[in-house]
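Survey of secondary and tertiary structure
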Amino acid sequence: MMKETSENGTDLSADDIGTIEEIPEDTILSRQTSVNLVPFIGQRFVSQDAAYEFYCSFAKQCGFSIRRHRTRGKDGVGRGITRRDFTCHRGGYPQIKPSEDGKVHRNRKSSRCGCQAYMRIVKRADFDVPEWRITGFSNVHNHDLLKSNDIHALPAYCTMSSDDKSRICMFAKAGMSVRQMLRLLELEKGVKLGCLPFTEIDVRNLLQSFRNVDRDSDAIDLLKMCKDKKDKDPNFKYNFKIDSNNHLDHIAWTYSSSTQSFDSFGDVVVFDTTHRLDSYDMLLGIFLGVDSYGTNCFFGCVLLRDENIQSFRWALKTFLSFMNGKVPETILTDQNMWLKEAIAIETPRTKHAFCIWQIISKFSDWFSVLLGSRYDQWKAEFHGIYNLHLVDEFELRWREMVDRYGLHGNKHIVSLYALRTFWALPFLRCYFFAGMTNTFQPELINAFIQRFLSAQSVLENFIEQVAVVMEAKDQATLKQKMIRRNQKISLKTGSPIESHAATVLTPYAFSKLQEQLVLAPQYASLLVDESYFIVRHHTEINGGSKVIWIPDDEFISCSCHDFEFSGILCRHVLRVLSTNNCFNVPYQYLPIRWRSQIGTGNDQNAQNQMLQLQSVVSSLVSEAVETDERLNFVSGEINMVLTRVKEFPGACNDMAYDDDDDDSTPDSLILPEVEDSDNSIVHGFTRHSHEGGLNLGKLKERRSNSKRRLACCGQFGQDANDCPLMGSGDMNGDGMGFL
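Residues numbered from 1 in each chain as written. Predicted model: local features only at pLDDT ≥ 70, side-chain atom pairs only at ≥ 80, totals over all residues. Heavy atoms only, no water.

Concerning the overall build of the protein chain
Rule in force here: Only DSSP runs of H or I with at least four residues qualify as helices, and only runs of E with at least two residues qualify as strands; both kinds are numbered from the N terminus onward. Burial status follows relative accessibility: with a 1.4 Å probe on protein chains alone, a residue under 20% of its type maximum counts as buried, one over 50% as exposed, and anything between as partly exposed. Per-residue and other accessible areas were derived by the Shrake-Rupley procedure at a 1.4 Å probe size, with only the shown protein chains allowed to occlude residues.
Counting secondary structure elements, the protein chain contains 24 helices and 19 strands. Taking all 739 residues of the protein chain together, the buried fraction comes to 47%. As presented, the protein chain carries roughly 37600 Å² of accessible surface, and 50% of it is formed by carbon and sulfur atoms.

Set out below in structure tokens:
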């Protein structure tokens, strides 16, 4: 039995988790790509929606449908849902409604018969990356299963996708009858007569919901609401376009907090255009980003009447005007050719990429029938090709894949290959995407969007709901940052580089760097010439990544381009730094957008000075704890320096001092409390008025634990007194840790 812990830290009972085996990654992959698609204990999914779709496909093959049952945790409370149960649609028993006097209830027969078939998933998070695993599964039914030609009649499979709704809207505008719509959709989908996943009644109900909307009146109320909001908050921005019939054509808006977020995190933007306000037949476009703590931030919103190049150009031009002309470095969108052309015209210097998760979501329709039993094997191979590093290797393996599966001439394969520079990672790794290409992003983005999509019945309510969600999210994010700021940071390697990064980066960014630091010792660093290294895994004989390092210029680069892609140094670079006597990460490789303190752009010199001072203090504490003489000397000198600093004026906007507290220390000079791998605590250099300086007792206690761990030349376990570099005089006097 392996003990599972939910993401919010609570232990799960044996009933919650079942029996779990630690299954090797290659075994899990082979099982997931099997022909039968049978769920198994330990199977992993990027989201609960992905798990639901998988179990739904399995149920459809078997002849039953599923429904969501119990959950543990609630959205908006703690860290959200941590467990989800999916059950057979005939699970449980019907509830008997109490009858009131004088009322006769219709005796409606229920299909529920207490079926025990189910699948349970539990959420885990490693390095802040959410993952769902199957912890319980049973496929034992106490009722007959339906045949394949009857399964589409179950209500669970009577669904209407957003694409279907859009097509029906278009058909209605063309004056087609409902029966004509159904026949045409059957022909387009290639299904038999009467086998669509929705009925004629569903189509009529959808059309009726469109007729019940008073679009003109709602549009007038919406514009009035925007004007009132603008009068109250001058930083609220909106723009709109009226067509020739004086009807609302497009409208876009953003909030003051959104423009501030874009100032700091607008280098990477996701423009989501996959949702619609069906009642108004308008496309909903949402501009999103990711902040330094790894959470999605809202930049702006747009509603478009038409989906064409002109509409998207208007949306992009309006959004850039909201952001004072600042253009993102990269933008991620759906695979929409009109949007692709609009971006090329309005932001030609922005790197445009397609969201891979939206492409993959179409694979089932594109390839499942074509490939049959080989579909899952092909999909796994596609993922492997997508994640490659080298363009040449991508080209070779793509040709091999097309030959192996006989996909020559397939229109979707031809299109994907023609557009490969927009989605394949080998072509994108030289551009910064801040982790927004990860496959767990759709769950986070959809959860964010769904919070205000429920208020689409009236446009005015919709924009108000967005404002409410934004305000609640800002408060929750601020609270979360405060909590994380006070949390202990666990060091896993004992490396000086790790200690330095922990004082500079946000917990989210530090966890990403820490992942690479943990893996770095598995690699060998081979010096080819003065500044050229080959770094390869210890199990490999050939190949590897090429690292260029020029210490005098503080320049380092790796052929894997992970730093350019994510802003986090890769394991190859960290291996070279750690084995070549570097204690700190060069500051240009700690991007400002991932640091705990983010400037406004006008105080870069002050930011750099604070970070350098922070690094010097960290090195000073590490050196001071070596002997009692050093510790006493440093403590006395620092007390004298603090006394002199207090003589200067206390208010300094550039350095972010607190005007109300003369004894407060700038946040950027406070090192977070860091917990090392041996559970001992490294206290950062903080000034407390009642202590008058460094805590000698804690530093002496720390000295005995760290003397052999803190190596002066990057070799773990070496005694500092025996280091040949200590007396060589090769150490720079600036305390930056370069030799």
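So, the packing of helix α14 (residues 391-405) against helix α15 (residues 411-418)
As a reminder, the rule being used: In this description, a line fitted to the C-alpha atoms serves as the axis of each element, helices being fitted only across the stretch in contact, and the angle between N-to-C directions of two axes falls anywhere from 0 to 180 degrees. Working definition: roughly parallel below 35 degrees, roughly antiparallel above 145 degrees, roughly perpendicular at 65 to 115 degrees, and oblique for all remaining angles. The criterion used for residue contact is that any of the two residues' heavy atoms lie within 4.5 Å. Note on residue categories: nonpolar means Ala, Val, Leu, Ile, Met, Phe, Trp, Tyr, Cys or Pro, charged means Asp, Glu, Lys or Arg, and polar means any other residue, Gly included.
Orientation of α14 relative to α15, taken along the N-to-C sense of each, is 175°, at an axis distance of 12 Å. Our classification of the angle between α14 and α15 gives roughly antiparallel. Residues Glu395, Trp398, Met401 and Val402 of α14 touch α15, and the partners they reach there are Ile413, Leu416 and Tyr417. Of the residues assigned to the contact of α14 with α15, the class counts are 6 nonpolar, no polar and 1 charged.

Thoughts on the pattern of salt bridges
Definition in use: Salt bridge criterion: a side-chain nitrogen from Lys or Arg within 4 Å of a carboxyl oxygen from Asp or Glu.
Taken as a whole, this structure holds 15 salt bridges when the rule is applied. Between Glu346 and Lys317 there is a salt bridge; the shortest N-O distance is 4.0 Å. Of the two residues, Glu346 is situated in helix α10 (residues 337-346) and Lys317 in helix α9 (residues 309-322); the sequence distance between them amounts to 29 residues. The partly exposed category is assigned to Lys317, whose relative accessible area is 49%.

Section: the nonpolar core
Side chains of nonpolar character tend, in soluble globular proteins, to be buried together. Stated formally: Here, nonpolar core means buried Ala, Val, Leu, Ile, Met, Phe, Trp, Tyr and Cys residues that are tied together by side-chain atoms lying within 4.5 Å of each other.
In this structure, Phe363, Trp378, Phe382, Trp398, Trp423 and Leu569 are the most contacted members of the largest nonpolar core, which totals 97 residues. The residues contacting Trp423, other than those within four sequence positions of it, are Phe354, Ile356, Ile359, Phe382, Tyr386, Phe394, Trp398, Leu416 and Leu428. Counting 23 residues, the second largest nonpolar core, distinct from the first, contains Ala252, Leu283, Phe287 and Phe322.

What to know about the UniProt feature "domain: SWIM-type" (unreviewed entry) in the protein chain
Our working rule: UniProt positions are given in the numbering used here, feature names are shortened, and annotations may be inferred rather than shown by experiment.
Taking the UniProt record as the reference, the feature "domain: SWIM-type" (unreviewed entry) is found at residues 546-581. Span residues 546-581 is 36% helix and 25% strand, its end C-alpha atoms 19 Å apart.

Some thoughts on unusual backbone geometry
The backbone phi angle of Glu554 is positive, close to 50°, even though this residue is not glycine. Position of Glu554 relative to the elements: it lies in the loop between β16 (545-550) and β17 (555-558). In this model, His561 sits at a positive phi of 60°, which is unusual for a non-glycine residue. Take His561: it is sitting in the loop between β17 and α20 (562-566). A relative accessible area of 25% means that His561 is categorised as partly exposed.

Structural notes on the side chain of Glu381
Put simply, the rule reads: A 3.5 Å cut-off defines polar contacts: any pair of N or O atoms within that distance qualifies, except that in protein one atom must be a possible hydrogen donor and the other a possible acceptor, and neighbouring residues in sequence count only when both atoms are side-chain atoms.
Residue position: Glu381 is located in helix α13 (residues 375-386). Given a relative accessible area of 17%, Glu381 falls into the buried group. A polar contact is formed between the side chain of Glu381 and the side chain of Tyr405, at a distance of 3.2 Å.

Some words on the packing of aromatic side chains
To be explicit about the condition: By convention, a stacked pair of Phe, Tyr or Trp rings (six-membered ring in the case of Trp) has centres within 6.5 Å and planes under 30 degrees apart, an edge-to-face pair has planes over 60 apart, and any other such pair is tilted.
A complete count under the given rule lists 34 aromatic pairs for this structure. Measuring from centroid to centroid gives 5.4 Å for Phe394 and Phe427, while their planes differ by 85°, and the two rings are edge-to-face. In this pair, Phe394 sits in helix α14 while Phe427 sits in the loop between α15 and α16 (441-453), placing the two residues 33 residues apart along the sequence. Residues Phe394 and Phe427 agree in their burial class; the two are buried. Members of the aromatic cluster, each reached through a chain of ring pairs, are Phe363, Trp366, Phe367, Tyr375, Trp378, Phe382, Phe394, Trp398, Tyr417, Trp423 and Phe427.

Some points on a nonpolar patch on the surface
Applicable threshold: What goes into a patch is any residue over 30% in relative accessible area without a salt bridge, connected to like charges within 9 Å or, for nonpolar side chains (Val, Leu, Ile, Met, Phe, Trp, Tyr), within 5 Å.
Together, Ile548, Ile550 and Phe555 make up an exposed nonpolar region whose accessible area comes to about 210 Å². As for its placement among the helices and strands, Phe555 is situated in strand β17.

Some details on the sheet that holds strand β10 (residues 296-304)
Definition in use: Any two strands are treated as partners once DSSP identifies two or more bridges connecting them.
One open sheet accounts for 7 strands, arranged β6-β7-β10-β9-β8-β11-β12; its pairing is mixed. Each edge of the sheet is formed by a strand with only one pairing partner; in this case those strands are β6 (237-242) and β12 (351-354). When strand polarity is set aside, the average angle formed by the axes of neighbouring strands in this sheet is 20°. Examined bridge by bridge, β6 and strand β7 (residues 248-254) share 6 bridges and lie antiparallel to one another. Within β7, the residue paired with Ile242 across the bridge is Leu248. Sitting on the sheet, α10 is in contact with β8 (268-277), β11 (330-333) and β12, with an inclination near 170° to β12.

A closer look at the sheet that holds strand β14 (residues 523-527)
Strand order in the open sheet made by the 4 strands is β14-β15-β16-β17, with antiparallel pairing throughout. Each edge of the open sheet is held by one strand with a lone partner, namely β14 and β17. Pairs of neighbouring strands in the sheet enclose a mean axial angle of 20°, with direction left out of account.

What to know about the environment of His561
For the pair formed by His561 and Pro426, sequence separation is 135 residues and the distance between their alpha carbons is 9.5 Å. Dropping the residues within four chain positions of it, His561 is found in contact with Arg429 and Cys430.

Some points on the pairing of β8
Here β8 lies mainly inside the structure; 9 of its 10 residues are buried. One ladder, built from 4 bridges, connects β8 with β11; its direction is parallel. Looking across to β11, one finds that Val269 is bridged to Ile331. Taken together, the 6 bridges between β8 and strand β9 (residues 282-290) define a ladder with antiparallel strand orientation. Looking across to β9, one finds that Asp272 is bridged to Ile286.

Topic: the pairing of β11
Each regular strand shows side chains that alternate between the opposite faces of the sheet. Cut-off, in case you're wondering: The definition of a right-handed crossover adopted here requires that, viewed with the strands pointing away, the path from the first strand over the helix to the second runs clockwise.
In β11, alternate side chains face the same way, and those of Thr330 and Leu332 on one face and Ile331 and Thr333 on the other are all buried. Direction of pairing for β11 relative to β12: parallel, over a ladder of 4 bridges. Along β12, the bridge assignment pairs Ile331 with His352. For the crossover from β11 across α10 to β12, the handedness is right-handed.

With respect to the confidence of the model for the protein chain
Parts of the model with low pLDDT should not have their predicted coordinates read in detail. Inclusion rule: Summary of the metric used: pLDDT quantifies the predictor's per-residue confidence within the range 0 to 100.
For the protein chain, per-residue confidence averages 74 on the pLDDT scale, and 66% of positions sit at 70 or higher. Scored below 50 in pLDDT, residues 599-604 shows 4 contacts in the model against residues more than four places distant or in partner chains. The low-confidence segment residues 702-739, where pLDDT is below 50, has 78 contacts with residues more than four positions distant or belonging to other chains.

Considerations on the packing of helix α18 (residues 496-504) against helix α19 (residues 507-519)
It is the contact of α18 with α19, at a shortest axis distance of 10 Å, that shows an interaxial angle of 170°. By the angle between their axes, α18 is roughly antiparallel relative to α19. Mapping the contact onto sequence places Ile497, Glu498, Ala501 and Ala502 in α18 and Phe510, Leu513, Gln514 and Leu517 in α19. Split by residue class, the contact of α18 with α19 holds 6 nonpolar, 1 polar and 1 charged.

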